[in-house]
Amino acid sequence: MFQKTSFTTLIVGVFVVYVLHTCWVMYGIVYTKPCENPKFENCIKPYLSGKPRLQLSIYTTLRANADGGHTLIHKEEVFDVDSKFERTLNVSVPKKTRNNGTLFALAFVHQAGVSPWQDQKQVHLVAQLTTYMIPKPAEVSLISGEEMPQQPEQQKHRAKGGESEVDRPVSHWRSRLTLNVVSEEFVFDKDFLPSDVHRYLRVFQNGKKMVYLPLLFVDELSNRVKDLIEINHTRTELPLTISYDTISLGKLRFWIHMQDAVYSLQQFGFTEKDADEIKGIFVDTNLYFLALTFFVAAFHLLFDFLAFKNDISFWKQKKSMVGMSSKAVLWRCFSTIVIFMYLFDEQTSLLVLIPAGIGSLIEVWKVKKAFKIQIFWKGVRPTFIFGKSDESEKRTEAYDTLAMKYLSYVLYPLCIGGAVYALVFLRYKSWYSWLINSLVNGVYAFGFLFMLPQLFVNYKFKSVAHLPWKAFMYKAFNTFIDDVFAFVITMPTSHRLACFRDDVVFLVYLYQRWLYPVDKTRMNEYGLSYDEDEKPKGKAHRD
């Protein structure tokens, strides 16, 4: 009665609903319903509409509540909320902060000429000027033992506690403090007050009218890892750049949600560096490009899932390796594991690391299927049994071996030469780091050569029908999407270049698909031919 719906159609439907729901949520964040009748009792009017004389004062304190004392570091006696500015100053660092402690900033917007501690109409926020991070390990020349120049504080940590001291979190100075004030004179409706703005809203009664004080906001997303300075015992002053600019109400609400999201990720174990990758997407990217990135990321997620589904289905049902390069499968497994270990060694963002780890596990499973490996356990000792190949598979292996023979003449000298060059002229944290970097550079620079055996097998068989084209097409779309992410997410340069390298391979595969049309009498990847699959199971009908 009802037509059967495929799983792929269901997933695409869920994806469309997700995108539409996200657009609706984003609209709800950006748009705030104003009070339609300003004379209505539920209306909350802005304090800035009266054009008051304001002053900006910034203090430092050892505690967030200023119980440990406070020190004035900067003040704008004539503070115009519509005029942006940037000030750079040196801040005195207390001894407790230099001893791996913390320091906070208290930013006040208050009436000019009145102390913020005595002003009843002041607004203030607390910002942390320090954060804890593990210092970057020193890199040395593995041949001569010469170290790269270090900062004095890094040398002191190493001299004091040895190698293990470097692994301890050290207090770092945030050299930027970004403040914003909503300058637009927006009238809120008490019944439709956004919950995200509520925590920044201070309201007082002025006769029968309700008035809210200036909306002050500390932009935590602008605190980047590249701006951090390691704090040592000898440096008593550190630079601080104070930036101020106006902000719209819609952007304020969006920024509040993004800061909350980053904070939640940190609570789940994301480090300062991981959070910095996400901050860079929002801070260093135009808002229109950011919206495009969201849709690109959504499609990337969809294609990733569909490619994963079809790839698993293809290899789960595959019984023969005819026309498939087993060495290419083995190489993909090796290369994905090396790339994962390299990204882990480089402490790359979890946004890149987690998919790489999942991909490595899938490639290991593919190797098991390709070589027909069966594992039997005798106690705690595994026994591996390899399946036998038929004549067609042996023919494929012969082409595969011939292609690898030609490639070895070019590939091995290049990889060995690159590893020796890196050992002599570059510096690494350890021999393990050099080994992983040498392997991954070989994978990134010459890894596409290991895709050529499959192209050679396709050429010999004059067919591409044995390839998992559904999964391949989804991965191909993601390859072009990765080109966009290569400019958005921070990653090693070699990993970024590899994204563009895959584009070339994809185009070659497309050319072969056009060059070798589908032969309906040829066996497909499941061991069936199109003609056999389409034969009617009943009796032939005579005209």
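Points about the overall build of the protein
Broken down by element type, the protein carries 16 helices and 17 strands. Looking at the protein residue by residue over its 543 residues, the buried ones come to 44%. In the protein, 76% of the contacts between residues at least 6 apart in sequence involve partners at least 24 apart. Just so you have it, the protein exposes about 31400 Å², and 60% of that area is on carbon and sulfur atoms.

Examining the sheet that holds strand 15 (residues 237–247)
In spatial order, the strands read 4-15-9-13; together these four strands make up an open sheet with mixed pairing. A single partner strand is all that each edge strand has here, and the edge strands are strand 4 (85–92) and strand 13 (216–218). Across the sheet, the mean angle separating the axes of adjacent strands is 25° when strand polarity is ignored. By the bridge criterion, three bridges tie strand 9 (residues 176–182) to strand 13 in an arrangement that is antiparallel. Bridge pairing in strand 13 places Val181 opposite Leu216. Sitting on the sheet, helix 6 (residues 249–267) touches strand 9, strand 13 and strand 15, and the angle it makes with strand 13 is about 40°.

Quick look at a nonpolar patch on the surface
Taken together, the side chains of Tyr412, Ile416, Val420, Tyr421, Val424, Phe425 and Leu426 define a hydrophobic patch exposed on the protein surface, amounting to about 730 Å² of accessible area. A residue is classified by how much of its surface remains accessible, and Ile416, at 55% relative accessible area, is exposed.

Some details on the sheet that holds strand 11 (residues 203–206)
Strand order in the open sheet formed by four strands is 10-1-12-11, with mixed pairing between adjacent strands. Each having just a single partner strand, strand 10 (188–189) and strand 11 make up the two edges of the open sheet.

Observations regarding the environment of Lys327
For Lys327, the location among the structural elements is in helix 9 (residues 326–345). Discounting chain neighbours no more than four positions away, the residues touching Lys327 are Asp400, Thr401 and Met404.

Quick notes on the side chain of Thr178
By the secondary structure assignment, Thr178 is in strand 9. According to the relative accessible area criterion, Thr178 is buried, its value standing at 13%. Reaching out from Thr178, the side chain makes a polar contact with the side chain of Ser222 at a distance of 2.9 Å. Those residues in contact with Thr178 that lie beyond four places of it in its chain are Phe217, Val218, Asp219, Ser222 and Ser243.

Observations regarding the pattern of salt bridges
Going through the model one piece at a time under the given rule, you end up with nine salt bridges. When the shortest N-O distance is used, the salt bridge between Lys75 and Glu77 registers 3.4 Å. Note on Lys75: relative accessible area 40%, which makes it partly exposed. Notably, a salt bridge pairs Asp260 with Arg199, separated by 2.5 Å at the nearest N-O pair. Here Asp260 is found in helix 6, whereas its partner Arg199 is found in the loop between helix 5 (195–198) and strand 11, with 61 residues between them in sequence.

Structural notes on the packing of helix 9 against helix 11 (residues 391–425)
Direction vectors running N to C along helix 9 and helix 11 enclose 55°, while the axes themselves pass 8 Å from each other. Relative to helix 11, the element helix 9 lies oblique. Contact residues: Ser326, Lys327 and Ala328 in helix 9; Asp400, Thr401 and Met404 in helix 11. Tallied by class, residues from the contact of helix 9 with helix 11 come to two nonpolar, two polar and two charged.

Considerations on unusual backbone geometry
If you check the backbone angles, Lys51 has positive phi at about 50° while not being a glycine. By secondary structure assignment, the location of Lys51 is in the loop between strand 1 (43–46) and strand 2 (54–61). Positive phi is not limited to glycine here, since Asn100 has a value of about 60°. As for its position among the elements, Asn100 is in the loop between helix 2 (95–98) and strand 5 (104–111).

Things to note about the packing of aromatic side chains
Applying the stated rule across the entire model yields 13 aromatic pairs. A ring pair is formed by Tyr47 and Phe204, whose centres lie 6.0 Å apart and whose planes are at 75°; its orientation type is edge-to-face. Separated by 157 residues along the polypeptide, Tyr47 in the loop between strand 1 and strand 2 and Phe204 in strand 11 bring together distant segments of the chain. Each of the two residues, Tyr47 as well as Phe204, counts as buried. Judged by centre distance (5.1 Å) and plane angle (70°), the rings of Phe188 and Tyr212 are edge-to-face. Pair noted here: Phe188 is in strand 10 and Tyr212 is in strand 12 (residues 209–212), with a separation of 24 residues, a long-range link. Looking at Phe188, the relative accessible area reads 0%, which means it is buried. Given the relative accessible area of 5%, Tyr212 is considered buried. Taken together through their ring pairs, the aromatic side chains of Trp24, Tyr27 and Tyr31 make up a single cluster.

The rules we used
Residues numbered from 1 in each chain as written. Predicted model: local features only at pLDDT ≥ 70, side-chain atom pairs only at ≥ 80, totals over all residues. Heavy atoms only, no water. Helix = DSSP H or I, 4+ residues; strand = E, 2+ residues; numbered from the N terminus. Buried < 20%, exposed > 50% of the residue type's maximum accessible area, 1.4 Å probe, protein only. Contact = heavy atoms within 4.5 Å. Areas by Shrake-Rupley, 256 points an atom, 1.4 Å probe, with all protein chains shown as cover. Pairing = 2+ DSSP bridges. Axes fitted to C-alpha atoms, helices over the stretch in contact; angles between N-to-C directions. Patch = residues over 30% accessible without salt bridge, like charges linked within 9 Å, V, L, I, M, F, W, Y side chains within 5 Å. Salt bridge = Lys/Arg side-chain N within 4 Å of Asp/Glu carboxyl O. Polar contact = N/O pair within 3.5 Å; in protein donor to acceptor, adjacent residues only side chain to side chain. Parallel < 35°, antiparallel > 145°, perpendicular 65-115°, else oblique. Nonpolar A, V, L, I, M, F, W, Y, C, P; charged D, E, K, R; others polar. Phe/Tyr/Trp six-rings, centres within 6.5 Å; stacked < 30°, edge-to-face > 60°.

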